[in-house]
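# Working through the structure, step by step
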Amino acid sequence: MTISEKIKHALDTDGVAILPPMDVFESIAILKETDICVNCTMLDPWYNKGFGGELPTSEYDDFITRLLNQTGEISDLMYLWGFPEIIGPYVRYAPSGFYMAAWLTWYYKNCPSVIRGWRSSQNACLQFMRKGHKLHPEHFLNDEQKEKFESGKMRFVPGPPSVIEAPLIIGFVGKKERTGHPSQKPEAVFDKLLLMANQKGDIVFDPMAGSGTTAACAKKHGMKSIVCDMNEDYIQMIEKRMGVNRIVT
Ligand SMILES: C[S@@+](CC[C@H](N)C(=O)[O-])C[C@H]1O[C@@H](n2cnc3c(N)ncnc32)[C@H](O)[C@@H]1O
């Protein structure tokens, strides 16, 4: 079987395709070679600050530009995560044919204070969309609103707030979903991002998946996912979390 056939087979049988450990640009190149239609890509890289090390700004700029341009070739919507002060400049980096549709904030109150300054309590996420691509705010309606929406009587569909509040997974918080990954995102945050961007059956790609939060949330909402990470330990974490083995290439 070709790699494309193996990914498709894994998506059909397990709903998730876990690739073996590799660099983000290698997994993007693999998907470019296939005819698999990715609806949404989650880009949650290292943040160029603190944990994970720091590159000169121009090198980080090159990395982010390449990420956005290349994932823009295989998907219609990209989420890009980072500290607000790091990813702020990238609001102007939309690939050709895309626009920066939303600045989202994940707000958490429970970060331990480690410096004598503002206590970090937010992460930012930029949403880039292909022009003309549609979102799914209807996924956030209550039953009464859904009825109105389905009968075509709703003039304005209220969207979810662009600030998502969910505690950081730390200490006793988030024990049920904790994997041990040092920068695991809460499912409560990714749930909203995926529901806004996708419908049941859509394929989500996360090439720097860490503990596999994207895959876990996609499964919960009937979506499919293709996930990868450069680190062998994290691929094992994803396998354990999803109860599925990686694809053998
Ligand atoms: C912020 S974490 C992702 C956390 C993930 N969203 C979660 O909820 O568990 C960033 C991940 O990117 C991976 N990574 C960093 N650089 C990479 C690269 N060049 N290629 C592939 N993975 C990379 C790291 O190993 C790390 O697991």
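What comes next concerns the included structure. In this numbering scheme, every chain counts its residues from 1 along its sequence in written order. With pLDDT at 70 or above as the cut-off, local features in this predicted model cover only qualifying residues; side-chain atom pairs require 80 or more to be listed or tallied, and sums for whole chains, interfaces and linings still use all residues. Computation of side-chain values covers all heavy atoms of the structure but excludes hydrogens and water.

## Some thoughts on the overall build of the protein
In DSSP terms, a helix is any run of H or I states spanning at least four residues, a strand is any run of E spanning at least two, and both are numbered starting from the N terminus. Helix and strand counts for the protein stand at eight helices and eight strands. To get the radius of gyration, use the C-alpha atoms; to get the globule rule, take the number of residues to the power 0.38 and multiply by 2.2 Å. Here the protein has a C-alpha radius of gyration of 18 Å; the compact-globule value for 249 residues is 18 Å, and the two agree. Structurally, the protein occupies a C-alpha span of about 55 × 50 × 40 Å along its principal axes. Considering the protein as a whole, with its 249 residues, one finds that 49% of them fall into the buried category. With the model as given, the accessible surface of the protein reaches about 13,000 Å², and the carbon-plus-sulfur share is 53%. Here the positive residues are Lys and Arg and the negative ones are Asp and Glu; neither His nor the chain ends is included. To locate a charge, take atom NZ for lysine, CZ for arginine, CG for aspartate or CD for glutamate. Charge centroids of the protein, computed over 28 positive and 30 negative side chains, lie 7 Å from each other. Burial classification: accessible surface area is computed with a 1.4 Å probe over protein chains only, and a residue below 20% of its type maximum counts as buried, one above 50% as exposed, and the rest as partly exposed. Throughout, the Shrake-Rupley method with a 1.4 Å probe supplies accessible areas, and for residues the shown protein chains are the sole cover considered.

## Concerning the sheet that holds strand β3 (residues 77-82)
In space, the eight strands of this open sheet follow the order β1-β8-β7-β2-β3-β5-β4-β6, with mixed pairing throughout. Strands at the two margins of the open sheet, each flanked by one partner only, are β1 (16-18) and β6 (163-165). Here the average twist between neighbouring strands, direction ignored, is 20°. Each pair of strands is called paired provided DSSP finds at least two bridges between the two strands. Pairing of strand β4 (residues 98-107) with β6, which is carried by three bridges, proceeds in the parallel orientation. Bridged to Trp106 within β6 is Ile164. Should any heavy atoms of two residues lie within 4.5 Å, those residues are considered in contact. Axis angles are defined between N-to-C directions and span 0 to 180 degrees, where every axis is a line fitted to C-alpha atoms and, for a helix, only to the segment in contact. Across the sheet, helix α6 (residues 187-197) lies against β2 (40-43), β3, β4, β5 (122-130), β6 and β7 (203-206), angled at about 155° from β3, the strand it touches most.

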